[in-house]
Amino acid sequence: MSTTRTRRAALMAATVTAALVLTACGDSDSNSGDAGHGSSHGTSSSPSPSTAAAHNAQDVSFAQGMIPHHRQALEMAELATDRASSAQVKDLAARIEKAQDPEIKTMSGWLKSWGEEVPEAGASMPGMDHGSESGMPGMMDGADMEELGKAAGKDFDTMFLTMMVEHHEGAVDMAETEKTKGRYEPATAMADDIVTAQTAEIEEMNTLLGKD
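Residues numbered from 1 in each chain as written. Predicted model: local features only at pLDDT ≥ 70, side-chain atom pairs only at ≥ 80, totals over all residues. Heavy atoms only, no water.

Enquirer: What should I look at first to understand the overall build of the protein chain in this one?
Expert: What the protein chain contains, in helices and strands, is 7 helices and 0 strands. Reading the protein chain from its N terminus to its C terminus gives the helix and strand order α-α-α-α-α-α-α. Counting across all 212 residues of the protein chain, residues that qualify as buried make up 47%. Sequence separation of 24 or more characterises 83% of the internal contacts of the protein chain that already satisfy a separation of 6 or more. For the protein chain, the computed accessible surface area is about 9900 Å², with 50% contributed by carbon and sulfur atoms. (Helix = DSSP H or I, 4+ residues; strand = E, 2+ residues; numbered from the N terminus. Buried < 20%, exposed > 50% of the residue type's maximum accessible area, 1.4 Å probe, protein only. Contact = heavy atoms within 4.5 Å. Areas by Shrake-Rupley, 256 points an atom, 1.4 Å probe, with all protein chains shown as cover.)

This is the structure in structure tokens:
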């Protein structure tokens, strides 16, 4: 509880004090998103039985964890539509939204082909406090999401960027684990895309926050 409270206090402090450096970003193409892009979308076709068998427990864990991780990023991005004041923040949020549904569908397809459970939309996930090592890295807790939903204008922009940096860093951690321990080639390829795309977006968001 103290870790969560400390994180939330730091987040609110950033919202009040961080100076947004909202300069035009040179590279804002559509290849970015919360969990990969581009070539990973080509993995959505149904795998052959032999290919479907070539997966391990890490691949299952990756898909089952990244699906709700995507969904939360989508929820955060949707808030930016009418709450963000920065064109750069709105553009980033739109790119994240564009990437999420195809990625979720792709990973859901993998899990179904493996006979594994697909996480239900809106299902509560255990251990989502920031400081909980049992939870998925980068996931916001309910209080953080509620505060983001109440923010608007420049305060929203700063809070959104601060939270999304942490969210992206968590996704990169999850993807690095998949790259190292996963077996299913489409999943490890998606994980590689996640690392590349989200590392670039973290740099973009830190620039907008004036940290670069």
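Enquirer: Would you explain the environment of glutamate 103 in this entry?
Expert: Checked against the element boundaries, glutamate 103 lands in helix 4 (residues 87-114). Between the C-alpha atom of glutamate 103 and that of histidine 70, which follows or precedes it by 33 residues, the distance is 8.1 Å.

Enquirer: I'm lost on the packing of aromatic side chains in this one. Help?
Expert: The description of an aromatic ring pair rests on the distance of the ring centres and on the angle between the ring planes. Scanning the model with the defined rule gives 4 aromatic pairs in all. Geometrically, the ring pair formed by tryptophan 110 and tyrosine 184 is edge-to-face, given 5.5 Å between the ring centres and 85° between the ring planes. You can see tryptophan 110 sitting in helix 4 and its partner tyrosine 184 sitting in the loop between helix 6 (153-181) and helix 7 (185-208), a full 74 residues away along the chain. A single burial state applies to tryptophan 110 and to tyrosine 184, both of which are buried. Look at tryptophan 114 and tyrosine 184: their rings are 5.1 Å apart centre to centre, the planes differ by 85°, and that puts the pair in the edge-to-face class. Of this pair, tryptophan 114 sits in helix 4 while tyrosine 184 sits in the loop between helix 6 and helix 7, placing them 70 residues apart in sequence. Tyrosine 184 shares its class with tryptophan 114; the two are buried. A network of ring pairs unites the aromatic residues Trp110, Trp114 and Tyr184 as a single cluster. (Phe/Tyr/Trp six-rings, centres within 6.5 Å; stacked < 30°, edge-to-face > 60°.)

Enquirer: Can you help me understand the packing of helix 3 (residues 57-83) against helix 6 in this one?
Expert: Two quantities define a packed helix pair, namely the angle between the helix axes and the distance between the axes. Here helix 3 crosses helix 6 at 165°, and the two axes come no closer than 11 Å. Here helix 6 runs roughly antiparallel to helix 3, going by the angle between their axes. As for the relative orientation of helix 3 and helix 6, their crossing is left-handed in sense. Among the residues making up the contact of helix 3 with helix 6, the classes are represented as 14 nonpolar, 8 polar and 4 charged. (Axes fitted to C-alpha atoms, helices over the stretch in contact; angles between N-to-C directions. Parallel < 35°, antiparallel > 145°, perpendicular 65-115°, else oblique. Left-handed = near helix turned anticlockwise from the far one by under 90°. Nonpolar A, V, L, I, M, F, W, Y, C, P; charged D, E, K, R; others polar.)

Keep in mind these values describe shape, not function.
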